[in-house]
Amino acid sequence: MQAGQFVQVIEERQGLKIGCIEEVAFKMGFIDKEQLKKVALPLTKSGYGDYLLKLIGE
């Protein structure tokens, strides 16, 4: 439980997601904006998709 709380605090303070493989793939050039958007759109209800869309400025 403490580990989960730690992750939550870090994500809230830093504004970053821990373990976001889509973000890493995008920043390293393995996927482009369109591919990231395609992954993000079905996830917008959870907030995770919104986070991914912010990475590409949408």
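Refer to the preceding data block for the structure.
Attention in this report is confined to the structure presented alongside it. Worth saying up front: this structure is predicted, and the values here are computed from it rather than measured.

Scoring rules and cut-offs
- The residue numbers shown here count from 1 along each chain, following its written sequence.
- Where local features are concerned, this predicted model is filtered to residues with pLDDT of at least 70; where side-chain atom pairs are given and counted, the filter is 80 or more; whole-chain, interface and lining totals use all residues.
- Heavy atoms throughout the structure, all of them, feed into the side-chain values; hydrogens and water do not.
- Accessible area is worked out with a 1.4 Å probe on protein chains only. A residue is then buried under 20% of its type maximum, exposed over 50%, and partly exposed in between.
- The way it works is that DSSP assigns letters per residue, a run of H or I at least four long becomes a helix, a run of E at least two long becomes a strand, and they are numbered from the N terminus.
- Note on definitions: a residue-residue contact is assigned when non-hydrogen atoms from the two residues lie within 4.5 Å.
- As used in this structure description, the phrase polar contact means that two N or O atoms lie within 3.5 Å; if the pair is within protein, one of them must be able to donate a hydrogen and the other to accept it, and residues adjacent in sequence are counted only when both atoms belong to side chains.
- Grouping buried Ala, Val, Leu, Ile, Met, Phe, Trp, Tyr and Cys residues that are joined through side-chain atoms within 4.5 Å yields what is termed a nonpolar core.

**A closer look at helix H4 (residues 48-55)**
Inference 1: Among all positions in H4, only Gly-49, Tyr-51, Leu-52 and Leu-53 are buried.
Inference 2: Looking at the buried side of H4, the elements it contacts are helix H2 (21-27) and helix H3 (33-40).
Inference 3: Gly-57 lies just past H4 and shows a positive phi near 75°.

**Looking at the side chain of Glu-23**
Inference 1: Examined against the element boundaries, Glu-23 turns out to sit in helix H2.
Inference 2: The buried category is assigned to Glu-23, whose relative accessible area is 7%.
Inference 3: Reaching out from Glu-23, the side chain makes a polar contact with the side chain of Tyr-51 at a distance of 2.8 Å.
Inference 4: Those residues in contact with Glu-23 that sit more than four places away from it in its chain are Leu-16, Lys-17, Tyr-51, Leu-52 and Leu-55.

**Notes on the nonpolar core**
Inference 1: Of all hydrophobic cores here, the largest spans eight residues; its members are Cys-20, Phe-26, Leu-36, Ala-40, Tyr-51, Leu-52, Leu-53 and Ile-56.
Inference 2: Among the secondary structure elements, those contributing two or more residues to this core are H3 and H4.
Inference 3: Per-element accounting of this core gives the leading share, three residues, to H4.
Inference 4: The contact partners of Leu-52, leaving out residues within four places of it in the chain, are Cys-20, Glu-22, Glu-23, Leu-36, Val-39, Ala-40 and Leu-43.

Structural measurements only, silent on function.
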